[in-house]
Amino acid sequence: MTDLTTAERIRGLIRDVPDFPKPGIVFKDLCPVWGSGDAMAELAVAMSAPYDPAGVHALVGIESRGFLVGTAMSMKMGKGLVLVRKKGKLPGTVVSRSYDLEYGQDTLEVQANALRPGMKVVMVDDLLATGGTMKAAMALVESQGAEIIGVSFVVELGFLEGRKALGDTTCYSLVRY
Ligand code: AMP
């Protein structure tokens, strides 16, 4: 067990679910990762390692599995977590950003007072596929004047080349397929 790296251990827990949620998609099920206290503790350490907490004001997690990763990193780095949620979930004044899906559109929102100009943030989600979700979330965060110092994922589906959608932003992922 101790001979394996954190990335190898996390990879070993991820389950492929063919044809979910629709035919042709191989869904990466991270529930066994969320379900392991040891894996979550290791994930928090490994995903926080590239960042100097002194240079980060907050983490930004994307609904909903990004909240799980974001919370783990938040506790490790001693930083708060800003929530980027689907339309209609956040109370108070919000700012929104719509983006295209394969079919139709979706909208992400953040509370208007959650970010300030000059704030340095790290954005997190569970998985990078095409990058469309993270690209929209980044535009939302940048529209508030925050500076994105890095973007982190547990899993990257490299063959979909989602990194290209993220421009020059530094991008980290623990497990690549
Ligand atoms: P994308 O915007 O294409 O990068 O998709 C990223 C979002 O969709 C992430 O929040 C993932 O949770 C989810 N997602 C996309 N593809 C998969 C997949 N094959 N397995 C699990 N989740 C996925």
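Since the model is a prediction, treat every value here as computed from it, not as a measurement.

Attention now goes to the environment of Glu-147. Position of Glu-147 relative to the elements: it lies in strand β8 (residues 147–156). Through-space distance from the C-alpha of Glu-147 to that of Arg-176 is 26 Å; in sequence the pair is 29 residues apart. Setting aside anything within four residues of it in sequence, one finds Glu-147 in contact with Met-119, Lys-120 and Val-121.

Okay, the sheet that holds strand β9 (residues 171–176) next. With mixed pairing, the seven strands of this open sheet are ordered in space as β5-β6-β4-β3-β7-β8-β9. Only two strands of the sheet have a single neighbouring strand rather than two, namely β5 (94–100) and β9. Here the average twist between neighbouring strands, direction ignored, is 25°. Against the sheet, helix α4 (residues 65–77) touches β3 (58–62), β4 (80–86), β7 (120–128) and β8, its axis set at about 135° to β7.

Before going further, it helps to examine the pattern of salt bridges. Going through the model one piece at a time under the given rule, you end up with nine salt bridges. Residue Glu-161 is joined to Lys-164 by a salt bridge in which the shortest nitrogen-to-oxygen separation is 3.0 Å. Judged by relative accessible area, Glu-161 falls into the partly exposed class, the value being 47%. Judged by its relative accessible area of 63%, Lys-164 is exposed. Residues joined in a network through salt bridges with shared partners are Glu-156, Arg-163 and Arg-176.

On to the nonpolar core, then. Leu-115, Val-121, Met-123 and Met-134 are the most contacted members of the largest nonpolar core, which totals 25 residues. Elements with a minimum of two residues in this core: β3, β4, β6 (105–111), β7, α5 (132–143) and β8. If one sorts the elements of this core by residue count, α5 sits on top with six residues. If near-sequence neighbours (up to four positions away) are discounted, Met-123 is found in contact with Val-60, Ile-62, Met-134, Ala-137, Met-138, Val-141, Ile-148, Gly-150, Val-151 and Ser-152.

This paragraph deals with the site of the ligand. As a matter of local geometry, the ligand sits amid 13 residues, with Lys-28, Arg-65, Thr-130, Gly-131 and Thr-133 nearest to it. Between the ligand and Arg-65, the relevant distance is 2.7 Å, taken from an oxygen atom to a side-chain nitrogen or oxygen of the residue. Taking Ala-129, its main chain carries an N or O atom lying 3.0 Å from an oxygen atom of the ligand. Against a free-state accessible area of 490 Å², the protein chains account for coverage of 80% of the ligand. Its atoms largely coinciding with the cavity grid, the ligand occupies the largest pocket.

Okay, the layout of surface pockets next. Here the largest pocket is characterised by a volume of approximately 1200 Å³. Lining the largest pocket are 32 residues, and of these Arg-65, Leu-127, Ala-129, Thr-130 and Thr-133 lie nearest its centre. Elements represented by at least two residues in the lining of the largest pocket include exactly β2 (26–29), β5, β7 and α5. Here the element with the most residues in the lining of the largest pocket is β7; it accounts for four residues. A class-by-class count of the residues in the lining of the largest pocket yields 16 nonpolar, six polar and 10 charged.

Here the focus is the packing of aromatic side chains. Inspection of every chain in the model, using the stated rule, returns two aromatic pairs. Here the aromatic rings of Phe-20 and Phe-27 are separated by 5.1 Å at their centres, their planes lie at 85°, and the arrangement is edge-to-face. By relative accessible area, which is 21% here, Phe-27 ends up partly exposed. Both rings, one in Tyr-51 and one in Tyr-172, keep their centres 5.4 Å apart while their planes meet at 80°; by these two values the pair is edge-to-face. With Tyr-51 in the loop between α3 (37–48) and β3 and Tyr-172 in strand β9, the pair connects residues that are 121 residues apart, well separated along the chain. Taking the relative accessible area as the measure of exposure, Tyr-172 reaches 31% and is therefore partly exposed. The positively charged end of Arg-11 is found above the aromatic ring belonging to Tyr-177, 4.8 Å away from the centroid. In this structure, Lys-28 is placed above the aromatic ring of Tyr-177, and the distance from its NZ or CZ to the ring centre is 3.7 Å.

Thresholds applied
- Residues numbered from 1 in each chain as written.
- Predicted model: local features only at pLDDT ≥ 70, side-chain atom pairs only at ≥ 80, totals over all residues.
- Heavy atoms only, no water.
- Helix = DSSP H or I, 4+ residues; strand = E, 2+ residues; numbered from the N terminus.
- Contact = heavy atoms within 4.5 Å.
- Pairing = 2+ DSSP bridges.
- Axes fitted to C-alpha atoms, helices over the stretch in contact; angles between N-to-C directions.
- Salt bridge = Lys/Arg side-chain N within 4 Å of Asp/Glu carboxyl O.
- Buried < 20%, exposed > 50% of the residue type's maximum accessible area, 1.4 Å probe, protein only.
- Core = buried A, V, L, I, M, F, W, Y, C linked by side-chain atoms within 4.5 Å.
- Near = heavy atom within 4 Å.
- Polar contact = N/O pair within 3.5 Å; in protein donor to acceptor, adjacent residues only side chain to side chain.
- Areas by Shrake-Rupley, 256 points an atom, 1.4 Å probe, with all protein chains shown as cover.
- 1 Å grid on protein atoms, 1.4 Å probe; cavity = no way out; pocket = protein on both sides within 12 Å on 5 of 7 lines; lining within 4 Å.
- Sits in = over half its atoms within 2 Å of the grid points.
- Points joined across faces, edges and corners; volume = space filled by probe spheres on them.
- Nonpolar A, V, L, I, M, F, W, Y, C, P; charged D, E, K, R; others polar.
- Phe/Tyr/Trp six-rings, centres within 6.5 Å; stacked < 30°, edge-to-face > 60°.
- Lys NZ or Arg CZ within 6 Å of the ring centre and 35° of its normal.

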